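Here's the letter readout for the chains.
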Amino acid sequence: MAEVRALGLISGGLDSILAALLLRKTGVEIAGLCLTTPFFGAEKAREAAQLYHIPLTVLPADAEHLETVVKNPRYGYGSNMNPCIDCHAYMLRKAGQILETQGFDFLFTGEVLGQRPMSQNANALNAVAKFSGYGQLVLRPLSARLLSPTPMEEQGLVSRESLGAISGRGRKQQMELANALGAHHYPAPGGGCLLTDPGFSGRLRDLLDHKPDCGPVDAELLKYGRHFRLGAQAKLIVGRHQADNAALNELLKKGAPGLRLHIASGPGPVAVYMGTDEDIPLACAIVAAYGAKGSGQVAVKAGEKTCLVAPLSKMRTQEFMI
């Protein structure tokens, strides 16, 4: 018989690692896919793939993810701006397209029944599979014996008895399985997707309210610095530390919208201003508040121009912070 091949969504978290290793133990040849967006990267997936010898493909999500998944999710958001059902379906859809061109037999994920009450109950799992367009080809190895048998199990591509029956929000069952499979290194739970973070979600809501036609670069800017809303069409981002400054500089070099602001002489934050000339003095005053010592006037470079401003008080800056 030809070897059975499965392509799985690998985030690098414990559940996706266990799903892959459990299938490998049954004799299935596994490979992984990780899609990156401004809201989650592939660092954990790459580490897990290297550690557990999982062939991994990393691809950037296309504009469809922002436009249809994040801006207009069919199944709505979770507690923050996380459209988990739509996002999982999108990723499975992309994995399904690879399945068709590279000859995989089915898809798998690390989803666990009942782990997340809104996005991983039985109805949500069914909705994800159906909405992806590859519903009959999706296997959840960790909870398979608690779900309806899939065609892959019925056809003998994988033994149902060898799959898991894990459910609920705890991790005791996963940790026991990890020990049995020799998976002794894995990250702590949580922290994977910025869309689940309340602070980041507030910035994203503000962006969509004021710039509904925003693109991926606008979303990327949300990850760095302090954010200030100066007017309906005016926004300022001020770096908090050297890493923020470097990231903002790099995004500007790559064509991110905005005007670069910085203290004319001496150390200070890098800032990005988006708006009309009218609010540039206010933006410069906020930059001075985070980069200058004392209360005297400070020269702040705004593109090619220099503004001489008095630093805004930290209390006043809070009035504009998103």
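Scroll up to find the structure this text is about.
What counts as what
- Residues numbered from 1 in each chain as written.
- Predicted model: local features only at pLDDT ≥ 70, side-chain atom pairs only at ≥ 80, totals over all residues.
- Heavy atoms only, no water.
- Helix = DSSP H or I, 4+ residues; strand = E, 2+ residues; numbered from the N terminus.
- Buried < 20%, exposed > 50% of the residue type's maximum accessible area, 1.4 Å probe, protein only.
- Contact = heavy atoms within 4.5 Å.
- Areas by Shrake-Rupley, 256 points an atom, 1.4 Å probe, with all protein chains shown as cover.
- Pairing = 2+ DSSP bridges.
- Axes fitted to C-alpha atoms, helices over the stretch in contact; angles between N-to-C directions.
- Lys, Arg positive; Asp, Glu negative; His and termini not counted.
- Salt bridge = Lys/Arg side-chain N within 4 Å of Asp/Glu carboxyl O.
- Core = buried A, V, L, I, M, F, W, Y, C linked by side-chain atoms within 4.5 Å.
- Polar contact = N/O pair within 3.5 Å; in protein donor to acceptor, adjacent residues only side chain to side chain.
- Left-handed = near helix turned anticlockwise from the far one by under 90°.
- Nonpolar A, V, L, I, M, F, W, Y, C, P; charged D, E, K, R; others polar.

(A) Just the overall build of the protein chain, in detail. Per the secondary structure count, the protein chain includes 12 helices and 11 strands. Projecting the C-alpha coordinates of the protein chain onto the three principal axes gives extents of approximately 75 × 35 × 35 Å. Counting only residues that meet the buried cut, the protein chain has 50% of its 322 residues in that class. Across the protein chain, the fraction of contacts at a sequence separation of at least 24, relative to all contacts at a separation of at least 6, is 60%. Of the accessible surface of the protein chain, which amounts to about 15,400 Å², a share of 53% is contributed by carbon and sulfur atoms.

(B) Spotlight on the sheet that holds strand β1 (residues 5–9). Taken in spatial order, the 5 strands of this open sheet run β3-β2-β1-β4-β5, and their pairing is parallel. A strand with exactly one partner marks an edge of an open sheet, and here the two such strands are β3 (56–60) and β5 (138–139). Taken together, the 5 bridges between strand β2 (residues 29–36) and β3 define a ladder with parallel strand orientation. Bridged to Gly-32 within β3 is Leu-56.

(C) Seen up close, the sheet that holds strand β7 (residues 234–238). With antiparallel pairing, 6 strands are arranged side by side in an open sheet as β6-β7-β9-β8-β10-β11. A strand with exactly one partner marks an edge of an open sheet, and here the two such strands are β6 (226–231) and β11 (305–309). On average, each strand axis in the sheet is tilted by 25° relative to the strand beside it, whichever way the strands run. Relative to strand β9 (residues 271–274), strand β8 (residues 259–263) is paired through 3 bridges, and the arrangement is antiparallel.

(D) Structural detail: unusual backbone geometry. A positive phi angle is found at His-53, which is not glycine, with a value near 55°. Looking at the element boundaries, His-53 is found in the loop between α2 (43–52) and β3. On the accessibility criterion, His-53 (64% relative accessible area) is exposed.

(E) Representation of the side chain of Arg-203 in the model. Its location among the elements puts Arg-203 in helix α8 (residues 198–210). Look at Arg-203: it is buried, it has no salt bridge, and the nearest opposite charge is Asp-244 at 7.2 Å.

(F) Main features of the nonpolar core. Grouped together as the largest cluster of nonpolar side chains are 36 residues, with contacts concentrated most on Leu-7, Leu-33, Phe-39, Leu-107, Leu-195 and Leu-204. Contributing elements (two or more residues each) for this core: β1, β2, α3 (63–70), α4 (84–102), α5 (122–132) and α8. Here this core takes 9 residues from α4, the largest share from any one element. Contacts of Phe-39, omitting those with residues within four sequence positions, involve His-65, Leu-66, Val-70, Gly-192, Cys-193, Leu-194, Leu-195, Phe-200 and Ala-219.

(G) Structural context of the pairing of β8. Taken together, the 3 bridges between β8 and strand β10 (residues 298–302) define a ladder with antiparallel strand orientation. Directly across from Ile-263, in β10, lies its bridge partner Val-300.

(H) Here's a closer look at the side chain of Thr-37. Along the chain, Thr-37 falls in the loop between β2 and α2. Separated by 2.9 Å, the side chain of Thr-37 and the backbone nitrogen of Phe-39 make a polar contact. Residues within four places of Thr-37 in sequence aside, it is in contact with Ala-61 and His-65.

(I) Fine view of the packing of α3 against α4. Following both chains from N to C, one finds α3 and α4 inclined at 145°, their axes separated by 10 Å at the closest point. For the pair α3 and α4, the crossing hand works out as right-handed. Note on element contacts: α4 touches α3 through Asp-86, Cys-87, Tyr-90, Arg-93 and Lys-94, opposite Glu-64, His-65 and Val-69. Per-class residue counts for the contact of α3 with α4 are 3 nonpolar, 1 polar and 4 charged.

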